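Okay, here's what each chain looks like letter by letter:
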Amino acid sequence: MRNRRWVFAFLLWFVAFWRIEAFKFHRAQKTERISGSAGDVLEDDPVGRLKVFVYELPSKYNKKILQKDPRCLTHMFAAEIFMHRFLLSSPVRTLNPDEADWFYTPVYTTCDLTPNGLPLPFKSPRIMRSAIQLISSNWPYWNATEGANHFFIVPHDFGACFHYLEEKAIERGILPLLQRATLVQTFGQRNHVCLKHGSIIIPPYAPPQKMQAHLISPGTPRSIFVYFRGLFYDVGNDPEGGYYARGARASVWENFKDNPLFDISTEHPTTYYEDMQRAIFCLCPLGWAPWSPRLVEAVVFGCIPVIIADDIVLPFADAIPWEDIGVFVAEKDVPRLDTILTSIPIKEILRKQRLLANPSMKQAMLFPQPAQARDAFHQILNGLARKLPHDRSIYMRSGESILNWTAGPVADLKPW
Amino acid sequence: MKQLTALQQQGRRSNSFRSNSSPLDATVDGAIKSPATIFWLFLHGLCCLISLVLGFRFSRLVFFLLFSASPSPSTTTIYSALRTTLPTVSSPPERNVSVDSGGSRVVVGRHGILIRPWPHPDPAEVMKAHRIIERVQAEQRSQYGVKNPRTVIAITPTYVRTFQTLHLTGVMHSLMNVRYDLVWIVVEAGGTTNETASLIAKSGLKTIHIGVDAKIPLLWEDRHKVESRMRLHALRIVREKKLDGIVMFADDSNMHSLELFDEIQNVKWIGAVSVGILAHSGGSEEGDLLMQESDADEKDEKKSKLPVQGPACNASGNLAGWHTFDTQPFVERSAIYIGDRAVVLPRKLEWAGFVLNSRLVWEDVEGKPVWVKDLVEIGKDGEDIESPLSLLKDTSVVEPLGSCGRKILLWWLRVEARADSKFPASWIIDPPLDITIPAKRTPWPDTPPELPAYVEEVTTIPENTEKRPTKSGSKRKRSSRSKRKHNAKVLDIRASTKHAGDN
């Protein structure tokens, strides 16, 4: 009898102690682990899982282009340049092409800038073609697989369609020579010609040091409900609206311009980064293309991204569960945006903030120099590693050829 | 958004590189194909001509509305219809290239701008959003804020005077916004009064209202001394009642920021914060003061820096000394008695800049540091205790707060009304105001003013000034605008109807 009472008392104490432990653990946990559809892969280390061979192209494809315009290092398409630099000194690089799993061609196709700083894509297909012709004639690896184990970084508006106007890009389609290669691009939209199956979507480049310099104390209370700074109407190209952003940005303006909860305007304040850190939701609507650096900024500053772009595919979608982190609003639901945002249960909002506070989440969106663990460079390599091992069928039998070297508009066939 | 059509066409075609390869090529190609496109081209040309004539973009939607023959369109549908131009009507078919490989719903081309019928904030949503914001901020506070908040014990010496309501309401509202538990000890000179009691009862805070027998003297120096004694008395109450928490001195005319209350939670035993000194000069002296300051600027001396009292730190963040207020430039013109129109100077170190752990004044508690004197020994001989530093045997143990005194968390200000000013005991004006000057047009039907009475009104005004005095006069004395009108009371009253908005 006495024994049983003792055991009972001990069990009670044990349970109470355990509950308190659990409670304390829960309270101390401020961030949550992130695991996407591919599992808990954000923190994987690609070193040792793949080998990349970097082709040595003449400097007219990379260094000379950069020398002509050093602005390419700071604009949002700078990922192609930094990825090249990263791979040159990375442990995954191999100098022996026979043991390489992936082949990288360092060609900067997004570096022909207008005086305003926007890249012109008119020569890009020719540059790419010329580079591929070079590697296919100097090395046997392109012809062996017709590019199936090669990857290219094409961070332009619509990826390898090489045009800034969406209809033109759709007309052109992906460059025919790249139809078997893996494309690493910022553009992602489901059921779109310019998104090939198996592409790796990356975030646009945002300058990490600049963002770090504007960090404020995380205890600063978040008092702005919704924040957005940017154009609503692109007056130069689409004055009456409806074309730019498929009318979604104009709709945001017309519906919420007098709403005190929505801090939206076209200004360029110097406190842009600080303001994002004082906001709960940050709008990331589409523009001429569905992707934008606002997503990166929102994630780094802990502001929940409200993504208004139908069918968009977000960066590293298999590693990051974006539905848990951001809020997706269909373009036709924009007039009800305030209802949608205020009806999200508070527990959801707090959970999203915890996920955003996870440092691996922020690291995965950045391209720091020099590269750090778990940053976007490593996520790209992780993505490439997840596609290994290559299927035997990618190797061409001798004499067989799938690529049509004369396909595409006539202007593209001119040598560069 | 409305631009001339010509500019539009130009903007589309040539200015921006985005439209370099314009859709015009597509339409030209298409024109050869079918009569439908020729018809559309013709319609397009017609609309362009009409737009050129009218001067704004002429929406082809009008044709659609004319031909659709809807009997009585309601305003809402018209509103949304005008805004949403259907893609098939207003653009030639070539422009609309839809991607249907895999059944995409997303279509390139001109879409309507969707606007809901009442595009204005909905109060229910606004309230929900504010609740969300509050909850998020509470979560932030629990993560990054103070872990174990302690009760704040605020000690305020006060006495009944013209500006008491003004000052005390300010402190009261600051304290009401503090997010921690609060005990407010109000020490009143001349015994507790009903006015003060009713005022602080409105706060809803936990208050301890005690009276001290001394009356506030007329000279500022003596007033400072009496206030110190009142604060010591309050500390004795803390000791008797064994109130636990952080003691801070909230003088009734100071301005406190809410960050101050968050910052003082970090104090261990005794801490010091930086106090900004607003050495206000009353009345016409201000012109001289400004001139003097500009002279100082020319001489490029340190007087141009903001006067701050507080801890000074060395490079490693430890207390190295004290910043005090330099009374040099004001010494000739400092105020002597309360209500004097001159600069009121603070003392070397104000009580308000210090915060104490209440256990320092308790009788015997373990863990009490050795460097603190017992409260009973201080002030019992009636000597002047200038600042809480007299409580310490060793002043180097004071912790500098507010990132080592760099943040100014409260502002010291002493403003009092002239000694002869009368004041309303409450917010009721009794007897009620008479009409001194009838308005030319009243909003309600009334008997029109008789002209002869106007002249009499003017002569009776000086008598009226005594009854309804310088309540407005003394208040306006504070604002610099009223300097000029100070002596001309007659003009004041007449002008009061115009300037009522200023005050």
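What you are looking at is a predicted structure, and each value in this text was computed from that prediction instead of being measured.

Here is what the cut-offs are and how they apply
Residues numbered from 1 in each chain as written. Chains lettered and ligands numbered in written order. Predicted model: local features only at pLDDT ≥ 70, side-chain atom pairs only at ≥ 80, totals over all residues. Heavy atoms only, no water. Core = buried A, V, L, I, M, F, W, Y, C linked by side-chain atoms within 4.5 Å. Buried < 20%, exposed > 50% of the residue type's maximum accessible area, 1.4 Å probe, protein only. Domains from an automatic or database assignment. Contact = heavy atoms within 4.5 Å. Buried area = accessible area lost by both parts, 1.4 Å probe. Salt bridge = Lys/Arg side-chain N within 4 Å of Asp/Glu carboxyl O. Helix = DSSP H or I, 4+ residues; strand = E, 2+ residues; numbered from the N terminus. 1 Å grid on protein atoms, 1.4 Å probe; cavity = no way out; pocket = protein on both sides within 12 Å on 5 of 7 lines; lining within 4 Å. Points joined across faces, edges and corners; volume = space filled by probe spheres on them. Nonpolar A, V, L, I, M, F, W, Y, C, P; charged D, E, K, R; others polar. Phe/Tyr/Trp six-rings, centres within 6.5 Å; stacked < 30°, edge-to-face > 60°.

Draft legend 1. Summary view of the nonpolar core. Grouped together as the largest cluster of nonpolar side chains are 100 residues, with contacts concentrated most on Leu87(A), Phe225(A) and Phe281(A). Each of domain 1 (11–36 + 207–363) and domain 2 (43–204 + 370–413) of chain A gives at least three residues to this core. Those residues in contact with Phe225(A), other than ones at most four positions away along the chain, are Leu261(A), Ile280(A), Phe281(A), Leu341(A), Thr342(A), Ala129(B), Ile132(B) and Ile133(B). Core analysis: the next-biggest nonpolar cluster, separate from the first, contains 81 residues, Ala214(B), Leu391(B), Val398(B) and Leu401(B) among them.

Draft legend 2. Representation of the interface of chain B and chain A within the structure. The partner chain A presents 59 residues to the 48 residues of chain B that form the contact. Taken together, the two surfaces of chain B and chain A that pack against each other cover about 5,000 Å², and 60% of this comes from carbon and sulfur. Linking chain B with chain A are 2 salt bridges, by the criterion used here. Of the charged contacts in the structure, one is a salt bridge between Arg116(B) and Asp338(A), with a shortest N-O distance of 3.1 Å.

Draft legend 3. Highlighting the environment of Val52(A). Residue and element names in this part refer to chain A. By secondary structure assignment, the location of Val-52 is in strand β1 (residues 52–54). Val-52 gets classed as buried once you look at its relative accessible area, which sits at 1%. A C-alpha to C-alpha distance of 4.8 Å links Val-52 and Trp-102, two positions 50 residues apart in sequence. Excluding its chain neighbours within four sequence positions, the residues that come into contact with Val-52 are Leu-87, Val-92, Arg-93, Thr-94, Ala-100, Trp-102, Tyr-104, Phe-151 and Leu-381.

Draft legend 4. Examining the layout of surface pockets more closely. All names here are of chain A. In this model, the largest pocket occupies a volume close to 1,500 Å³. What lines the largest pocket is a set of 42 residues, among which Met-76, Leu-118, His-268, Pro-293 and Arg-294 lie closest to the centre. Put simply, the parts of the chain that give the lining of the largest pocket at least two residues each are α9 (272–277) and α10 (294–300). In terms of residue class, the lining of the largest pocket is built from 19 nonpolar, 13 polar and 10 charged. If you count residues domain by domain, the lining of the largest pocket takes at least three from each of domain 1 (11–36 + 207–363) and domain 2 (43–204 + 370–413).

Draft legend 5. Structural detail: the packing of aromatic side chains. Residue and element names in this part refer to chain A. Taken as a whole, this structure holds 28 aromatic pairs over all chains when the rule is applied. Aromatic pair Phe-86 and Phe-377: ring centres 4.8 Å apart, planes at 15 degrees, arrangement stacked. Pair noted here: Phe-86 is in helix α3 (residues 79–88) and Phe-377 is in helix α15 (residues 376–386), with a separation of 291 residues, a long-range link. Across the pair, Phe-377 and Phe-86 agree in class, each one buried. Ring centres of Trp-142 and Phe-152 lie 6.1 Å apart, and the angle between their planes is 80 degrees; on these two criteria the pair is classed as edge-to-face. One end of the pair, Trp-142, is in helix α5 (residues 141–145); the other, Phe-152, is in strand β3 (residues 150–154), and 10 residues separate them in sequence. The buried category is assigned to Trp-142, whose relative accessible area is 0%. Its relative accessible area of 0% is what places Phe-152 among the buried residues. Put simply, the rings of Phe-53, Tyr-55, Phe-103, Trp-139 and Tyr-141 pair up and form one aromatic cluster.

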